[in-house]
Amino acid sequence: MNENELVRVANVTKVFRSKRLFKGSSSVTALDGVSLSVEKNRILGIIGESGSGKTTLAKLILGLLKPTSGVISFTDLKDGNSGLRKPEVQVIFQDPYDSLSHMMTIEEIVTEPYLIKHKSHCSADKVRSVLESVGLTPVDEYLHKYPRSLSGGQRQRVAVARAIITSPDIIIADEPISMLDASIGVDILNLILEMNEKLGITFIFITHDIAAAAYICDNIAVMKSGKIVEYGSRKQVIVECQNLYTSSLLSAAGADFIFSENKKHKAELAVKQIC
Ligand SMILES: Nc1ncnc2c1ncn2[C@@H]1O[C@H](COP(=O)(O)OP(=O)(O)OP(=O)(O)O)[C@@H](O)[C@H]1O
């Protein structure tokens, strides 16, 4: 693996097999010979229609599933002065109404991953700084609330806070804006950009929305029926796309894309595209 890679997915296939009583067995090839790299400090977009295999790929990278064939390898990172460790991966789910426990306060939800990782309580200062960094201010207004009293956008900010509290190397954001209003979705895109730029967190951004991917991702993999049909830099995929399926996604998005090299402009431009 080269020094810029955190994860390499090499020729990975995932077949789900199920046995049905009296009806024999059936199988679904969710991923078919997928190869890609997750590069350090970058945002990798995985885009495709429903059923194209995006979540299966995310679950394989998270270690929740095992590939049927192929290899997923993680680079070794320096851990303190001596040891080596694998990159830590956290996840943000699609549904901010379902992914946070209804029985826990915002403080408990955000600090839980820290407690699991370090087996010790998180300091009050740390919780405050994490909530501030995701824009949940004034912090005292949020700490003791329950998710039910927050809006969808605020809940997704809680999910981002929960994901960053352990200082992960990679965050997999699985359709994080698909259940939010367009303008709130753009706020979350801005937050992902900020976490990437300020904290250096690598993101895998899973979406069916090519406009959103175009504006926040450095690299994009376009998936169809379990295969990657186009893969490259944002410019290669959006401006110089070679594949008919990618072109059809671009036209379906009504995307009269203004290509900007400047990441900071991308989310604002996305407002016009997504709305
Ligand atoms: N546990 C499973 N058992 C059987 N089939 C599965 C399983 N998980 C996923 N699949 C199938 O694998 C294919 C890819 O599913 P996957 O959820 O990865 O797609 P996706 O692109 O994430 O879709 P969506 O955007 O709807 O979440 C689909 O045909 C799906 O039905």
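As annotated in an unreviewed UniProt entry, the protein chain carries the name Oligopeptide transport ATP-binding protein OppF and comes from Methanosarcina horonobensis HB-1 = JCM 15518.

In the neighbourhood of the ligand, the contacting residues comprise Phe 16, Val 28, Ala 30, Glu 49, Ser 50, Gly 51, Ser 52, Gly 53, Lys 54, Thr 55, Thr 56 and Glu 175. Thr 55 places a side-chain nitrogen or oxygen 2.8 Å from an oxygen atom of the ligand. For the ligand, whose free accessible area comes to 640 Å², the fraction covered by protein is 57%. Mapped by element, the contributors of at least two residues to the shell around the ligand are β2 (24–39) and α1 (54–62). By residue number, the principal contributor to the shell around the ligand is α1, which donates three residues. Taken together, the residues of the shell around the ligand break down into three nonpolar, six polar and three charged.

In this section: the packing of helix α4 (residues 152–164) against helix α5 (residues 182–199). Across the interface, α4 lies against α5 with an axial gap of 10 Å and an inter-helix angle of 20°. By the angle between their axes, α4 is roughly parallel relative to α5. The hand of the α4/α5 crossing is right-handed. On α5, the residues touching Gly 153, Gln 156, Arg 157, Val 160 and Ile 164 of α4 are Ile 184, Asp 187, Ile 188, Leu 191, Met 195 and Leu 199. Among the residues making up the contact of α4 with α5, the classes are represented as seven nonpolar, two polar and two charged.

Counting residues in each nonpolar core, the largest one holds 53 residues, and the members touching the most others are Leu 131 and Phe 205. Counting residues domain by domain, this core receives three or more from each of domain 1 (1–76 + 172–179 + 202–255) and domain 2 (89–168). The contact partners of Leu 131, leaving out residues within four places of it in the chain, are Ile 106, Val 110, Leu 136, Val 139, Leu 143 and Ala 161. Formed by 23 residues, the second largest nonpolar core is a distinct cluster that contains Leu 31, Val 34, Ile 72 and Ala 221.

This paragraph deals with unusual backbone geometry. Omega for the peptide link from Thr 137 to Pro 138 comes to -10°, which places this bond in the cis form. Looking at the secondary structure, you find Pro 138 in the loop between α3 (124–133) and α4. With a phi close to 60°, Asn 41 is a non-glycine residue in the positive phi region. Secondary-structure assignment places Asn 41 in the loop between β2 and β3 (43–48).

Moving on: the sheet that holds strand β1 (residues 5–20). In space, the three strands of this open sheet follow the order β2-β1-β4, with antiparallel pairing throughout. The two strands at the open ends of the sheet, each matched to only one other strand, are β2 and β4 (69–74). Put simply, the sheet's adjacent strands are angled 25° from each other on average, direction ignored.

Attention now moves to helix α8 (residues 244–252). Tyr 245, Thr 246, Leu 249 and Leu 250 are the residues of α8 that are buried. Buried residues along α8 cover an arc of 140° about the axis, so they all sit on one side. Seen from the open side of α8, the exposed residues pointing more than 90 degrees away from its buried face are Leu 244, Ser 251 and Ala 252. Check the buried side of α8 and you find it contacts β3, α6 (210–216), β10 (219–224), β11 (227–233) and α7 (234–239). Measuring from the backbone nitrogen of Tyr 245 back to the side-chain oxygen at the start of α8 gives 2.7 Å, which picks out Asn 243 as the cap.

Summed over the entire model, instances satisfying the criterion amount to nine salt bridges. Across the pair Arg 8 and Glu 5 runs a salt bridge whose closest N-O atoms are separated by 2.8 Å. Classification of Arg 8 as partly exposed rests on a relative accessible area of 34%. Close ionic contact of Glu 112 with Arg 162 constitutes a salt bridge, the shortest N to O distance being 2.9 Å. Within this pair, whereas Glu 112 is found in helix α2 (residues 106–118), its partner Arg 162 is found in helix α4, the two being separated by 50 residues in sequence. Residue class for Glu 112 comes out partly exposed when judged on its relative accessible area of 28%.

Enumeration over the complete set of coordinates arrives at zero aromatic pairs. The residue whose ring lies beneath Lys 145 is Tyr 142, and the NZ or CZ to ring-centre distance is 5.6 Å. If you follow Lys 224 out to its NZ or CZ, it ends over the ring of Tyr 245, 5.0 Å from the centre.

Cut-offs applied
- Residues numbered from 1 in each chain as written.
- Predicted model: local features only at pLDDT ≥ 70, side-chain atom pairs only at ≥ 80, totals over all residues.
- Heavy atoms only, no water.
- Near = heavy atom within 4 Å.
- Polar contact = N/O pair within 3.5 Å; in protein donor to acceptor, adjacent residues only side chain to side chain.
- Areas by Shrake-Rupley, 256 points an atom, 1.4 Å probe, with all protein chains shown as cover.
- Helix = DSSP H or I, 4+ residues; strand = E, 2+ residues; numbered from the N terminus.
- Nonpolar A, V, L, I, M, F, W, Y, C, P; charged D, E, K, R; others polar.
- Axes fitted to C-alpha atoms, helices over the stretch in contact; angles between N-to-C directions.
- Parallel < 35°, antiparallel > 145°, perpendicular 65-115°, else oblique.
- Left-handed = near helix turned anticlockwise from the far one by under 90°.
- Contact = heavy atoms within 4.5 Å.
- Core = buried A, V, L, I, M, F, W, Y, C linked by side-chain atoms within 4.5 Å.
- Buried < 20%, exposed > 50% of the residue type's maximum accessible area, 1.4 Å probe, protein only.
- Domains from an automatic or database assignment.
- Pairing = 2+ DSSP bridges.
- Arc of directions from axis to C-beta.
- Salt bridge = Lys/Arg side-chain N within 4 Å of Asp/Glu carboxyl O.
- Phe/Tyr/Trp six-rings, centres within 6.5 Å; stacked < 30°, edge-to-face > 60°.
- Lys NZ or Arg CZ within 6 Å of the ring centre and 35° of its normal.

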